[in-house]
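# Chains, contacts and geometry: an overview
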Amino acid sequence: MEARPTGSISRERDLLALRGMDAREIRRLVRLAADPAALREDENPLIGRIVANLFFEDSTRTRLSFSVAAQRLGARVVDLAGPGSSVSKGESLVDTALTVEAMGVSALVVRCKQSGGAELISRAVDIGVINAGDGRHEHPTQGLLDILTLARAAGRLSTLDFSGMTLAIVGDIESSRVARSNIAGMGALGARVVCVGPASMAPASLSTLGCEVSSDLDSILPSADAVMMLRIQFERHEDSARGAEGVPMKSSHESIREYRAGYALTRERHAVMKRGAFVMHPGPMNRGVEIDAEVADAPNSLILTQVARGVDVRMAVLLDRLRPELTRG
Ligand code: CP
């Protein structure tokens, strides 16, 4: 394929990360997602547009909710997954994106294994790029939907100010793009964010992101207003091992038992959570590993609400990036 110069990044047309986004812009996007009238679903505002989902990693929630969101706004959706595409024949991420852009699509929704992969694509194409999760870097629409979900549940939707609230993010933080987007987004809105896990998954160096770090879940639980559990991302440990960056944690029964003893949100730990606190999980979740089934289904669990709010947030982001004249006053 012909080489082409890299373009300059227009943050207006993309959504690549929450880090660096100011609180006012986060609030604007969350308010848009929270307001059905502002989303103008009845007017099919994205009619004539085509949104391309480029998912080079597996997904259930993000992929389907972007499709549902785009369709609810009148857009058409085309889907490309890594397996079954020419990526499996060695085509690069950027060449694939340029190829799809050349077909006349309006925006790319990108999930990939490479941290920074969405930005790499954004530098090469002239259409909007929405990061749907790039390696261990960020998952900005997940961060926004978590903010919307928690703000509604905690009665903070009118202010979108989390001052005085503590969010505990528990588990495999080092591998987690969801954690990074939430540290940036919830932190920008005033929340105290504490990342909790064993040192191999929650190293002290994470504090440079603006969060606190702890290895003692039991000491944090009674003061947390929301507890966000994360899956152990064994697949990223294997990637690290191949890159000689770290030692993978094995998914043996013994290591899972040890992990659960320190870091699972069990029925017993759920009982000592602060009164009125919420359980969150971005999914996919492994019941019986990082979270007990009855905790996932408890009345204070927001897990399925997070999924529902994901559609609202993705509608807001697609409308804002593709029809900014309708959303920016
Ligand atoms: N939360 C999330 O990104 O889930 P999926 O991997 O199913 O999209």
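Residues numbered from 1 in each chain as written. Predicted model: local features only at pLDDT ≥ 70, side-chain atom pairs only at ≥ 80, totals over all residues. Heavy atoms only, no water.

## Some words on unusual backbone geometry
Cis geometry is found at the peptide bond from Gly283 to Pro284, where omega equals -10°. Within the secondary structure, Pro284 sits in the loop between strand S9 (278–280) and helix H12 (293–296). Backbone geometry at Arg40 places phi at a positive 55°, although glycine is not the residue there. Note that Arg40 resides in the loop between helix H2 (36–39) and strand S1 (50–55). Despite not being glycine, Asn44 shows a phi value in the positive range, around 45°. Along the chain, Asn44 turns up in the loop between H2 and S1. Judged by relative accessible area, Asn44 falls into the partly exposed class, the value being 33%. (Helix = DSSP H or I, 4+ residues; strand = E, 2+ residues; numbered from the N terminus. Buried < 20%, exposed > 50% of the residue type's maximum accessible area, 1.4 Å probe, protein only.)

## Focus on the site of the ligand
In the vicinity of the ligand, the contacting residues are Ser59, Thr60, Arg61, Thr62, Arg111, His139, Gln142, Pro282 and Gly283. Here an oxygen atom of the ligand and a side-chain polar atom of Ser59 are 2.6 Å apart. The side chain of Arg111 places a nitrogen or oxygen atom 2.8 Å from an oxygen atom of the ligand. Across the complex, the protein chains shield 93% of the 260 Å² of accessible surface that the ligand would expose by itself. A molecule is said to occupy a pocket when more than half its atoms come within 2 Å of that pocket's grid points, and by this definition the ligand occupies the largest pocket. Considering only residue class, the shell around the ligand consists of 1 nonpolar, 6 polar and 2 charged. (Near = heavy atom within 4 Å. Polar contact = N/O pair within 3.5 Å; in protein donor to acceptor, adjacent residues only side chain to side chain. Areas by Shrake-Rupley, 256 points an atom, 1.4 Å probe, with all protein chains shown as cover. 1 Å grid on protein atoms, 1.4 Å probe; cavity = no way out; pocket = protein on both sides within 12 Å on 5 of 7 lines; lining within 4 Å. Sits in = over half its atoms within 2 Å of the grid points. Nonpolar A, V, L, I, M, F, W, Y, C, P; charged D, E, K, R; others polar.)

## A look at the pattern of salt bridges
Taken as a whole and judged by the stated rule, the model has 23 salt bridges. Here Arg63 makes a salt bridge to Asp79, at a shortest N to O gap of 3.1 Å. Taken as a pair, Arg63 in helix H3 (residues 61–72) and Asp79 in strand S2 (residues 76–81) lie far apart in primary sequence, 16 residues in all. Of the residues examined, Asp79 reaches a relative accessible area of 41% and is grouped as partly exposed. When salt bridges with common partners are traced through the structure, they connect Glu12, Glu25, Arg28, Asp320, Arg321 and Arg328 into a single cluster. (Salt bridge = Lys/Arg side-chain N within 4 Å of Asp/Glu carboxyl O.)

All we've got here are geometric facts, nothing functional implied.
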